[in-house]
Amino acid sequence: MAATKYVYTFSEGKAEMKDLLGGKGANLAEMTNIGLPVPPGFTITTEACKEFYKAGRNFPAGLEQEVEEKVAWLEQTLGKKFGDPNGPLLVSVRSGAVISMPGMMDTVLNLGLNDQTVIGLAASSGNPRWAYDCYRRFIQMFGNVVLGIEHHRFEAVLEDQKYKAGVKYDNQLTAEDWQEVIKHYKTIVRKETGKDFPQDPMEQLYKAIYAVFNSWENDRAIVYRKIHKIPDDLGTAVNVQAMVFGNMGDDCGTGVAFTRNPSTGEKVLYGEFLTNAQGEDVVAGIRTPQPIAKLEEEMPEVYRQFAQTCALLEKHYKDMQDIEFTIERNKLWMLQTRNGKRTAQAAIRIAVEMVEEGLISKETAIKRVDPMQLNQLLHRRIDPNAKLEVIAKGLPASPGSACGAVVFDADLAEKLGEQGKKVILVGTETTPDDIHGMVASQGILTSRGGMTSHAAVVARGMGKPCVCGCESIKIDYENKQFLVGQLVVKEGDVISIDGSTGQVMLGEVPMIDPELSPEFQKLLTWADEIRTLGVRANADTPEDAAKAREFGAGGIGLTRTEHMFMAQDRLPIVQEMILASTLEEREAALAKLLPMQEGDFYGILKAMAGLPVCIRLLDPPLHEFLPNAEELAVEITRLKLTNSDQSEIKAKEELLRKVRSLSEFNPMLGHRGCRLGITWPEVYAMQARAIFQATARLVKEGYQVEPEVEIPLVIEVKELAYLRQVVERVAQEVKEATGVDFHYTVGTMIEVPRAALLADEIATQAEFFSFGTNDLTQTTLGFSRDDAEGKFMQPYLEKKILTENPFMVLDRKGVGKLMQWTVENARRVKPELIIGICGEHGGEPSSIEFCHLIGLDYVSCSPYRVPIARLAAAQAKVNND
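Residues numbered from 1 in each chain as written. Predicted model: local features only at pLDDT ≥ 70, side-chain atom pairs only at ≥ 80, totals over all residues. Heavy atoms only, no water.

A. Inspection of the packing of helix α13 (residues 344–356) against helix α18 (residues 518–530) at higher detail. Between α13 and α18, whose axes approach to 9 Å, the crossing angle comes to 65°. Considered as vectors, α13 and α18 are oriented roughly perpendicular to each other. Here α13 runs over α18; the crossing is left-handed. Of the residues in α18, those touching α13 at I348, R349, V352, V355 and E356 are E519, F520, K522, L523 and W526. Of the residues in the contact of α13 with α18, the class split is six nonpolar, no polar and four charged. (Axes fitted to C-alpha atoms, helices over the stretch in contact; angles between N-to-C directions. Helix = DSSP H or I, 4+ residues; strand = E, 2+ residues; numbered from the N terminus. Parallel < 35°, antiparallel > 145°, perpendicular 65-115°, else oblique. Left-handed = near helix turned anticlockwise from the far one by under 90°. Contact = heavy atoms within 4.5 Å. Nonpolar A, V, L, I, M, F, W, Y, C, P; charged D, E, K, R; others polar.)

B. Here's a closer look at the pairing of strand β16 (residues 443–446). Here β16 shows no split at all, with G443 and L445 on one side and I444 and T446 on the other all buried. With four bridges joining them, strand β15 (residues 423–427) and β16 adopt parallel strand pairing. Opposite L425, over in β16, you have I444 as the bridge partner. Here β16 pairs with strand β17 (residues 466–468) via two bridges, running parallel. Looking at β17, one finds that I444 is bridged to C466. (Buried < 20%, exposed > 50% of the residue type's maximum accessible area, 1.4 Å probe, protein only. Pairing = 2+ DSSP bridges.)

C. A look at helix α32 (residues 815–829). Under the 1.5 Å per step criterion, the end-to-end length of α32 is 22 Å for 15 residues, consistent within 8% with the ideal 21 Å. Three or more residues of α32 are buried, namely V815, G816, L818, M819, T822, V823, N825, A826 and R827. (Expected span 1.5 Å × (residues − 1).)

D. Summary view of unusual backbone geometry. For R329, which is not glycine, the phi torsion reads 50° and is therefore positive. Checked against the element boundaries, R329 lands in the loop between β9 (321–328) and β10 (331–339).

E. Here's a closer look at the pattern of salt bridges. Throughout the structure, instances matching the rule amount to 59 salt bridges. Salt-bridge contacts for K547 lead to E550; the nearest nitrogen and oxygen are separated by 3.3 Å. Here K547 and its partner E550 are both found in helix α19 (residues 542–550), three residues apart, which amounts to about one turn of the helix. Given the relative accessible area of 14%, K547 is considered buried. Its relative accessible area of 47% is what places E550 among the partly exposed residues. Here D619 and R672 are joined by a salt bridge, their closest N and O atoms 2.9 Å apart. (Salt bridge = Lys/Arg side-chain N within 4 Å of Asp/Glu carboxyl O.)

F. Examining the sheet that holds β17 more closely. Strand order in the open sheet formed by eight strands is β12-β22-β21-β14-β15-β16-β17-β13, with mixed pairing between adjacent strands. Each edge of the sheet is formed by a strand with only one pairing partner; in this case those strands are β12 (390–393) and β13 (395–398). Taking the axes of each pair of neighbouring strands and ignoring which way they run, one obtains an average angle of 30° across the sheet. Alignment of strand β21 (residues 494–498) against strand β22 (residues 503–506), held across four bridges, turns out to be antiparallel. Pairing of S496 across the sheet is with M505, part of β22. The strands touched by helix α15 (residues 410–418) are β14 (401–407) and β15; relative to β15, the strand with the most contacts, the crossing angle is about 180°.

G. Region of the structure containing the packing of helix α5 (residues 128–145) against helix α8 (residues 201–215). At a closest axis distance of 10 Å, the pairing of α5 and α8 adopts a crossing angle of 50°. In terms of orientation, α5 and α8 fall into the oblique class. Classified by chirality, the crossing of α8 by α5 is left-handed. Taken together, the residues of α8 that come into contact with α5 (itself represented by F138, F142 and V145) are Q204, K207, A208 and A211. Its residues assigned to classes, the contact of α5 with α8 shows five nonpolar, one polar and one charged.

H. Spotlight on the nonpolar core. Counting residues in each nonpolar core, the largest one holds 157 residues, and the members touching the most others are L523, F692, I711, F769, F771, M819 and L856. The element contributing the most residues to this core is helix α26 (residues 681–700), with 11 residues. Excluding residues within four positions of it along the chain, F769 makes contact with T748, I750, A759, I762, A763, T822, A826, L833, I834, I835, G836 and Y858. By size, the runner-up hydrophobic cluster in this structure holds 61 residues, among which are L158, Y185, L205 and V212. (Core = buried A, V, L, I, M, F, W, Y, C linked by side-chain atoms within 4.5 Å.)

I. Region of interest: the state of the cysteines. For the coordinates displayed, the defined rule picks out zero disulfides. Summary of cysteine pairing: C851 is not part of a disulfide, and the nearest cysteine sulfur, belonging to C838, is at 11 Å. Counting only cysteine sulfurs, C851 is the nearest neighbor of C861, a cysteine outside any disulfide, at a range of 11 Å. Overall, the relative accessible area of 2% leaves C861 in the buried class. (Disulfide = S-S within 2.5 Å.)

And the structure:
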């Protein structure tokens, strides 16, 4: 059996080998093979990383020999040798996961420098300042990434040297300054590790490869994978590449650019570069870079070549590219290309325009947009007519608006976020170690860094507003405040940021509802042409119904009538109904509620005229409409202590007795849903009458309405048969009283396992089924949602007992199996049975895909998730048919 090959030169790879070479390695290979100027190098595979972890974090057998062979090949290719004092070979060592994880894992540049080779580099380049700058960078990165020394230890030395030299920027330091910095850096290494900084280039290389493999399991990479649902077992490749230098002088530079604007999607070259700098200077936000357009002024020929290369890469990959490049002595070198992270707004525009340009198909465009990313576009933004107290302005790095309390620390942001508080993370810049705080924040504000800084790229990927490079804010970490001129903003003060304009405002600002752009509308129209799964909305008011219709809902999959009973003017009547001691008293209260309910249904049915509206009859336990027993007991005690009116005390005591008599040990499994309708059929009869009287009025007015009456929580066909008779009797009475004939259907919600298992029997009494997957998940798993999410869900996810929260992503193995059983058995009895889903899962893409796979007719979700569901349903069709 042939030995496993762990190392490939760039010319041996290709784009299709992404799983083996990682995204970066596959793209370097592809760029090499299409003739672009790529510094030569080699890739150590993701398989080597997996074997590294299997072997207890040890290199797999044969890897070191392969690496040595490829280093010898690189030396021969470039005519330079590792460790040669006259013309040393220097390399970069970078991670490269299969799925892009920007900034999450580690990089080492200038590897191969030591006390001897730096002298040779200074002599051969004629630029000692540059050579010693390269060496100090190498020690700093190697010290941090490989040796685990805190970054700030090195930064403190650097800041101190700049202060002594009386300069502001790193590139103003002299060769002698850098030699002084290097001396202090080496002292830090010796003090922290007990050993001198390694001088042997091969030892440096192996330690760097080890560190990059190891970084697959660092905290920030784990958090990033969890957020973006990236599998933990993919591993990372390692790319070893000959160094090219952007920091040798003013005819050098480095930059990051996108072939289109990643914030808006506009078809223009978008990015930044720095003259006389290395790559990390741009993304770290240490110096604020120049826009890419400025490169055309400074180096016109390089810019022309770069623009041509960008066009070639976009055409080759048929997607917007994120490109890293270096200019060395007026020569352009391409260091990386990958599909660029983009906002939802940009993703939609790019996808639509690429279809119109003939680059991709409509089906590909549909697949290009992440449905969950659409949340960015479906929430509120700053009211353009609002008077704003703008205190500062930075770069509009990631669109959208946010407000929250200022925090300066990622750990505090995470802590407050977990408590449900809204915060804005503020800092000079962010680093990959801040990822957990960025996740918990509403938005990010930095005083340094540009449009391609860490904060900007990560915020865009998360869909969070971000303002970068806001240099007018001066951050005082010690006193936990920032200053804008004389204005002091303390930690905890509320600010608002607008990532579309770069504005920073004091206080909370007014917001307005979102609108769908023409490109968004077009993409959703294509989605509607492709999908076979219907999309409805959950809506309890005419306003929600109108919003759902505006967002393209094809009907209402759930109207929760209990929400209508909670209004302040109705609650006393509902309580009167519940507390009634005779049927006559109860019917008197129901008579007061009837016109109110009829008005509710009239408004919703009218808003959705021509489309089906599923109305669920009263579902929750009755005690939810009554005062809290403990609060009542406290109130009675207070009345007694203050010698209040005895009749008031007696009335409160009677109410307390009734509340306690209605209380249940487990209300979710108690006297609710159809059990309530069977005990008190007059309640469901009143609701049915309200539905049908509203229907008759609308039919008389010329509207086409399609009410669906839903009986909740059935476990037995006899329950549904009994309550169906109640509904049908009322419908007949209304038809006779109004002289109007109308159409309606009766169905049920499948939300307990017994109903799913007896679906074939229950189907005989139903025209439709709707899965209530919130309760079906609780009853199938035996989890109380509130208790599970509050107490043990997180450990289950962390220990990978469950891969997803089953209340957010449908549990296909358990709940899904019951759903599939239901569909197959019910349709065997009644092939025309309409089946949908109305739980929260109806707006989650993975769950929507499952609904498509098992043949449901529709999903239903909140109005603001309707566009997400329309797109996800189309993706389910494209990906599975």
